[in-house]
Amino acid sequence: MSHDGVGLRAVMRSAAFLTAGVLAVPLLSACSADDEGDRPAAAQDIAPASRDQVADGGTLRWAVDAVPETLNAFQADADAATSRVAGAVLPSMYRLDANGRPQINPAYLESAKVVGTEPKQVVLYKLNQQAVWSDGREIGAADFAAQWRALSGKDAAYWTARNAGYDRIEKIERGKNNLEVRVTFARPYADWKSLFSPLYPKSVMGTADSFNDGARRKLKVSAGPFAVKKVDVKGGQVQLTRNPRWWGSPTKLSEIDLVAVARDKRATALAADELDMAEIDPADAERITAARGRSGPLKGASATGTQSPGTGRDKGDKDDSGEKTGKSKDEKARDDGKSKSESDSDSDESSDGDEKDTSGAEGSKAKAADQQAALSAFVVRKSLEPAYTQLALNGSEGPLADERVRRAVARALDRKELAKVVLKPLGLPAEPVGSHLALIGQAAYSDNSGALGGQDTAEARALLADAGWVPGGPVTEQKKTEKAAGSKGKKADTDDSPGDDGTYIVGEDNKPSEADRDLRKDPKDHTGAHERTSAQSGIQADEQQAGKQYAKQGGAQGAYAPKGTAAPAGAASGALAKDGKPLTLRFVLPSGQGSESLRAVADRIAQMLQRIGIRTDISKVSDASYFKDHIASGQYDLALYSWPGSAYPATDARPIYSKPVPAADGSLSVEQNYTRVGTDQVDQLFDQALSTLDEGEERSLVRKADARIWAAAGSIPLYQRPQLTAVRTGLANAGAFGFQTPVYEDMGFLKKGAHPVASPSKTG
């Protein structure tokens, strides 16, 4: 899970509890559009080039948030950098294609299929006969068995973060020869393709000690196109070098350096020639686009470019005098880097001297101009990240414990408008996400939002009226320490900027929203003054509809107020109240740099809720406390955060949406269901999906589960997150990967005169 600007742990696959009984939920039919998810909403943008166009050698410096705490992807503190290392240095039986669907990885597998279902499910893996570990040993059944035992959950000495799937295996044995591995399951497992990706050597998985500590800062044995050369915590980087025993297509790059650079420092690092590729925020993307002489939205910002003279890394390149250097590729690259550093140093010294003779402001302008010029060496490649941002509604207590109030909140939202706030300025498709469990392009995707219903202000007001929230009701004056109806959580640390305590109530005071403040600061704000004006006009138009009851527009029974319940007249004229308390929801947001888009979306949501009489108490808290102290602990009413899309939703999404159950100590076990909203029927559908070996039936069950998750209104998917990557011109087969697993051996710098395939974003 993550929110914009703050990296958080990815979804953990863990065992979940099945609660007894079935709720009386009316039958919901999930959409059966098999072709709905055939293509992703946005194509990947990696400047694809054939291998013969890519030069041999060179070092790619790729930004990560931090040096990984562990190189073991199955430990609790593994992060995105851990996964990046694992993808480059370890076997994966399957990898994802551009549509987010698992495909056999031919470097390791010749085939894998279910060869038996009765009495037990049996999967037979036939390994690539060339596949070996870097110590020369064949990859085989012993490695599969060691990983199964470590992740089965049967031995508490192994400090594992997840065991889903591995806990269903009964035994693993050698097949007819060393290249065959037979896996027998005690219980059927639909997502068996998710297993053994990545696969660690038995030297790591064989004992609890080696599992817990043996692969945290080093991997002595690997079997990918690259190998771990060094993990430099103090220097802030991980060095990956060519694996001399790699049997596949030779790596084009000689080295990949994963460099730890915070998001807000990446533009500076790019301009200083410290990075070649980095995921960036929209503001930095605009800077790079402007540096390349482009204007307006980031449409076409993804021009791939070609390598400029002098930046090639081929052996025997000519120097500025036209003579052959005779240096190796890596020596040339190092010398180029050194010359650049010396040049920068000379420039800095010159600037320092100039600053003595000019004002500080002029010196700063000159420095900014130099940095902007340096950014013209990069392009922005863009796609949609395989993750979506949702509005989470905490259903554990307060008004949102009533599903009618949750549904009212959901029906008040114009999700299309919210998607436009983030994606339209970037030139990306602004389509709302219609599923909790898959994204457009994936096999399990279908838009099941109809189970809840679309935006309907009058219907939302009617739901609130049915729940007892009425306009103009008596409000008991509250003490300063007493909260309005809403989360009982303590007021947490806020962003204490001068003149702003980090908290304001939309619908109560006259304090402008963050979006309005931004508009006043920047009249060219790309979120669109016209859209804001339209939203405000919409409030007035909605007020004129108060007291009218719209006809139902399809969806699940129970997602609406009882037929005939009228939206109370004058509902928009003031906040709603019940039992002497106003309907105010605490909306918690991260305050850090990089979360601007979340806060802009939150302001729009607050305006939409104001139309139906709900006030929002917006609290901006520190990034460090946002997840631990608020989301995970349930100290919020409304929040925005993201979940990654998965090729295996029956496995990976189960702990996110399973019904919370009481733990032995009396607390509530929520796993990753931070909204605390779940049903027995959803749990049962997940279990059925996991146990069928019919792929069509599994997809159907996943879609039915998603429809019921929509109806419960615990979380509302909004939009797929943008993926913006700054890439040095001439770098091919790298950038905004979208769903697809990177092919590390094909990344590299184009030969002089070579051109990649045109970027899909150029026409966006």
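Keep in mind it's a predicted model, so treat the numbers as computed, not measured.

Draft legend 1. Focus on the pairing of strand β1 (residues 59-64). Burial within β1 is extensive, with 6 of its 6 residues counted as buried. Side chains T59, R61 and A63 project from β1 onto one buried face, and the interleaved L60, W62 and V64 project onto a second face that is buried too. By the bridge criterion, 6 bridges tie β1 to strand β10 (residues 255-260) in an arrangement that is parallel. Note that in β10 the partner of V64 across the bridge is A260.

Draft legend 2. Here's a closer look at the pattern of salt bridges. For the structure on display, the rule yields 25 salt bridges. For the salt bridge of R728 with D273, the shortest nitrogen-to-oxygen distance reads 2.7 Å. Of this pair, R728 sits in strand β22 (residues 715-728) while D273 sits in the loop between α5 (266-271) and β11 (277-279), placing them 455 residues apart in sequence. In this structure R728 comes out as buried when scored by relative accessible area, which is 15%.

Draft legend 3. Region of the structure containing the sheet that holds strand β4 (residues 109-116). Reading across the sheet, the 4 strands line up as β4-β5-β7-β6 and stay open at both edges, with antiparallel pairing between neighbours. Looking at the sheet topology across the chains shown, the edges are occupied by β4 and β6 (169-174). Along the sheet, successive strands turn relative to each other by an average axial angle of 15°, direction set aside. In terms of strand pairing, strand β5 (residues 122-127) meets strand β7 (residues 180-185) through 5 bridges, oriented antiparallel. Along β7, the bridge assignment pairs L124 with R182.

Draft legend 4. Just the environment of S83, in detail. With respect to the element layout, S83 can be found in helix α1 (residues 80-89). The class of S83 is partly exposed, set by a relative accessible area of 45%. Put simply, S83 and P68 are 15 residues apart on the chain and 9.2 Å apart in space, counted from C-alpha to C-alpha.

Draft legend 5. Focus on the packing of aromatic side chains. Counted under the stated rule, the structure contains 18 aromatic pairs. Aromatic side chains Y108 and W246 sit 6.3 Å apart centroid to centroid with 55° between the ring planes, which places their arrangement in the tilted category. Of this pair, Y108 sits in the loop between β3 (102-104) and β4 while W246 sits in the loop between β9 (237-242) and β10, placing them 138 residues apart in sequence. Taking 5.5 Å as the distance between ring centres and 85° as the angle between the ring planes, the aromatic pair formed by F627 and Y674 counts as edge-to-face. Taken as a pair, F627 in helix α15 (residues 623-631) and Y674 in the loop between β21 (668-669) and α18 (680-691) lie far apart in primary sequence, 47 residues in all. Note on F627: relative accessible area 23%, which makes it partly exposed. In this structure Y674 comes out as buried when scored by relative accessible area, which is 10%. Aromatic rings pair up to connect F74, Y94, Y125, F144, Y166, W192, F196 and Y200 into one cluster. When the ring centre of W62 is taken as origin, the NZ or CZ atom of R84, which lies over that ring, is 4.1 Å away.

Draft legend 6. Region of interest: the pairing of strand β17 (residues 584-590). Along β17, 7 of the 7 residues are buried, which leaves the element largely enclosed by surrounding structure. The alternating pattern of β17 places T584, R586, V588 and P590 on one face and L585, F587 and L589 on the opposite face, and all of these are buried. Of the strand pairs in this sheet, β17 and strand β18 (residues 615-621) are connected by 7 bridges, and their pairing is parallel. Each bridged residue has a counterpart across the sheet, and for L585 the counterpart in β18 is T616. In terms of handedness, the path from β17 via helix α14 (residues 596-611) over to β18 forms a crossover that is right-handed. Where β17 lies against strand β19 (residues 638-644), 2 bridges are found, and the strand directions are parallel. If you follow F587 over to β19, its bridge partner there is L638.

Draft legend 7. Examining α18 more closely. With 12 residues, α18 should reach 16 Å at 1.5 Å per residue; the first-to-last C-alpha distance of 17 Å fits that figure. Taken together, the buried positions of α18 are D680, Q681, V682, D683, Q684, L685, F686, A689 and L690.

Draft legend 8. The side chain of N243, seen in detail. Residue position: N243 is located in the loop between β9 and β10. From its side chain, N243 meets the backbone nitrogen of R245 in a polar contact 3.0 Å long. Apart from residues lying up to four places away in sequence, N243 is in contact with S134, S222, A223, G224, P225, F226 and A227.

Draft legend 9. Expanded view of the packing of helix α9 (residues 403-412) against helix α11 (residues 457-466). Across the interface, α9 lies against α11 with an axial gap of 8 Å and an inter-helix angle of 165°. Considered as vectors, α9 and α11 are oriented roughly antiparallel to each other. Considering the relative orientation of α9 and α11, their crossing is left-handed. Residues R404, V405, R407, A408, R411 and A412 of α9 lie in contact with α11, whose contacting residues are T457, E459, A460, L463, L464 and D466. For the contact of α9 with α11, a count of residues per class yields 6 nonpolar, 1 polar and 5 charged.

Draft legend 10. Summary view of the side chain of E698. Mapped onto the elements of the fold, E698 is located in helix α19 (residues 695-712). R699 provides the closest opposite charge to the buried, salt-bridge-free E698, at an N-O distance of 6.9 Å. Non-local contacts of E698, meaning those with residues more than four positions away in its chain, are made with A190, D191, A650, A689 and T692.

What counts and what doesn't
Residues numbered from 1 in each chain as written. Predicted model: local features only at pLDDT ≥ 70, side-chain atom pairs only at ≥ 80, totals over all residues. Heavy atoms only, no water. Buried < 20%, exposed > 50% of the residue type's maximum accessible area, 1.4 Å probe, protein only. Helix = DSSP H or I, 4+ residues; strand = E, 2+ residues; numbered from the N terminus. Pairing = 2+ DSSP bridges. Salt bridge = Lys/Arg side-chain N within 4 Å of Asp/Glu carboxyl O. Axes fitted to C-alpha atoms, helices over the stretch in contact; angles between N-to-C directions. Phe/Tyr/Trp six-rings, centres within 6.5 Å; stacked < 30°, edge-to-face > 60°. Lys NZ or Arg CZ within 6 Å of the ring centre and 35° of its normal. Right-handed = clockwise from strand over helix to strand, strands pointing away. Expected span 1.5 Å × (residues − 1). Polar contact = N/O pair within 3.5 Å; in protein donor to acceptor, adjacent residues only side chain to side chain. Contact = heavy atoms within 4.5 Å. Parallel < 35°, antiparallel > 145°, perpendicular 65-115°, else oblique. Left-handed = near helix turned anticlockwise from the far one by under 90°. Nonpolar A, V, L, I, M, F, W, Y, C, P; charged D, E, K, R; others polar. Lys, Arg positive; Asp, Glu negative; His and termini not counted.

Function cannot be inferred from these measures alone, as they are strictly geometric.
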